[in-house]
Amino acid sequence: MRRLSRKKALSLVKELDAFPKVSESYVETSASGGTVSLLAFSAMALLAVLEFFVYRETWMKYEYSVDKDFSSKLRINIDITVAMKCQHVGADILDLAETMITSNGLQYEPVIFELTPQQRLWQRTLLLIQNRLREEHALQEVLYKTLLKGAPTALPPREDASMEPLNACRIHGHVYVNKVAGNLHITVGKPIHHPQGHAHIAAFVSHETYNFSHRIDHLSFGEELPGVINPLDGTEKITYNNNQMFQYFITVVPTKLNTYKISADTHQFSVTERERLINHAAGSHGVSGIFVKYDTSSLMVTVSEQHMPLWQFLVRLCGIIGGIFSTTGMLHGLVGFCFDVICCRFKLGLYRPGEVLNQDAQLHQMNNLNHHHTPLLADNPPR
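Residues numbered from 1 in each chain as written. Predicted model: local features only at pLDDT ≥ 70, side-chain atom pairs only at ≥ 80, totals over all residues. Heavy atoms only, no water.

Draft legend 1. Helix 2 (residues 31–56), seen in detail. Spanning 26 residues, helix 2 covers 38 Å between terminal C-alpha atoms, matching the ideal 38 Å at 1.5 Å per step. Every buried residue of helix 2 is listed here: Gly 33, Ala 40, Met 44, Glu 51 and Tyr 55. (Helix = DSSP H or I, 4+ residues; strand = E, 2+ residues; numbered from the N terminus. Expected span 1.5 Å × (residues − 1). Buried < 20%, exposed > 50% of the residue type's maximum accessible area, 1.4 Å probe, protein only.)

Draft legend 2. Region of the structure containing the pattern of salt bridges. The final tally for this structure, using the stated rule, is eleven salt bridges. The residue Arg 316 makes a salt bridge to Glu 51 at a minimum N-O spacing of 2.3 Å. Of this pair, Arg 316 sits in helix 5 (residues 310–346) while Glu 51 sits in helix 2, and the two are 265 residues apart along the sequence. Among the residues examined, Glu 51 registers a relative accessible area of 8% and is labelled buried. Measuring nitrogen to oxygen at the nearest pair gives 3.1 Å for the salt bridge that ties Asp 67 to Lys 179. Placement of Asp 67 in the loop between strand 1 (58–66) and strand 2 (73–82) and of Lys 179 in the loop between strand 6 (168–178) and strand 7 (182–188) is noted, with a sequence separation of 112 residues between them. Residue classification places Lys 179 among the buried positions, given a relative accessible area of 11%. (Salt bridge = Lys/Arg side-chain N within 4 Å of Asp/Glu carboxyl O.)

Draft legend 3. Local environment of the nonpolar core. Counting residues in each nonpolar core, the largest one holds 33 residues, and the members touching the most others are Ile 76, Val 82, Ile 171, Leu 219, Phe 221, Ile 250 and Tyr 294. Per-element tally for this core: the top contributor is strand 2, with five residues. Those residues within four positions of Tyr 294 in sequence are excluded, and the remaining contacts are Ile 76, Ile 93, Val 177, Val 180, Ala 181, Gly 182, Asn 183, Phe 221, Ile 250 and Val 252. Core analysis: the next-biggest nonpolar cluster, separate from the first, contains eight residues, Leu 225, Val 228, Ile 262 and Val 301 among them. (Core = buried A, V, L, I, M, F, W, Y, C linked by side-chain atoms within 4.5 Å. Contact = heavy atoms within 4.5 Å.)

Draft legend 4. View of the state of the cysteines. For the structure shown, the criterion picks out one disulfide. Disulfide pairing is shown between Cys 86 and Cys 169; the S-S distance is 2.3 Å. Linking Cys 86 and Cys 169, the disulfide has an S-S dihedral of approximately 105° and is accordingly described as right-handed. Within this pair, whereas Cys 86 is found in the loop between strand 2 and strand 3 (89–95), its partner Cys 169 is found in strand 6, the two being separated by 83 residues in sequence. Cys 169 shares its class with Cys 86; the two are buried. (Disulfide = S-S within 2.5 Å.)

Now the structure itself:
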């Protein structure tokens, strides 16, 4: 009984076979079919290799949500060189809540304002990348995915000691501020704090020494990430007027970065620049200096690196192979059918009506001989 049930099960499975086997004696091969098969296999191999490269690639996914963290501090990373001596300039930050953050976390380093040829080449390369980033935003994804491989974006140091006078001041370091709108001042005189606000002691600085030509080697918000280029990195402003004011209006967007190489909480920002000449007689009031006004956005961006799952790669690969196999088979059959129709219509190639009639007559005679020969064997009586 078990053997019978197994036989019934096997017969049932055989009846459900959707891929019936055809005997090789009934299969006819042709040169055209072999050529089409070769082209199909080549296309399958090429597309499979390309699909594998697509499978290895990753892309960045951007998600937006409301930033609910208002109690934490915001870190500002500064590296600005001003074409004035360090004893004549001062930097401080005043936020919207009238909270003054002194420059305790900033260092004042006397340097030479002019760059060496190597440093100038670095700056030109950085500005070229900045222009490309403004035109093609997809390059930012490349920077995100190659964070640890990226070259340092800091200005390279001078190779040899120069005898030129130290006519500039490099203000660099980082400070922590509240996550509210604020203003970074770099102007004449050291900052002091008093109950009525804040001020800079500029009475002992000659007006002829005012020169707010500056270079922003680095300005970022949040955690510093190697290889990331910020919008103001490499910016250089040259002025020949003592009463020039430079303003930068920045909108800071909190950003969470999650890649296969690094996870960090950082900030992106957009900037608008403005500069004007201070002339009280003409109605242009203000104070000479560099002012960076920043404000934080209420939205937070989460940037995560995505990868194609293995099952999707296998499904796409099966679709490529099956689609090419079916398409080439249908095209080969359609071309063969059209070729047969054309040959029959214009009597070309191997199509000859006379030969076809002769072949039909020969087949008919053979059938008649077989039909007449069989009864003769039946007339012989058995012995």
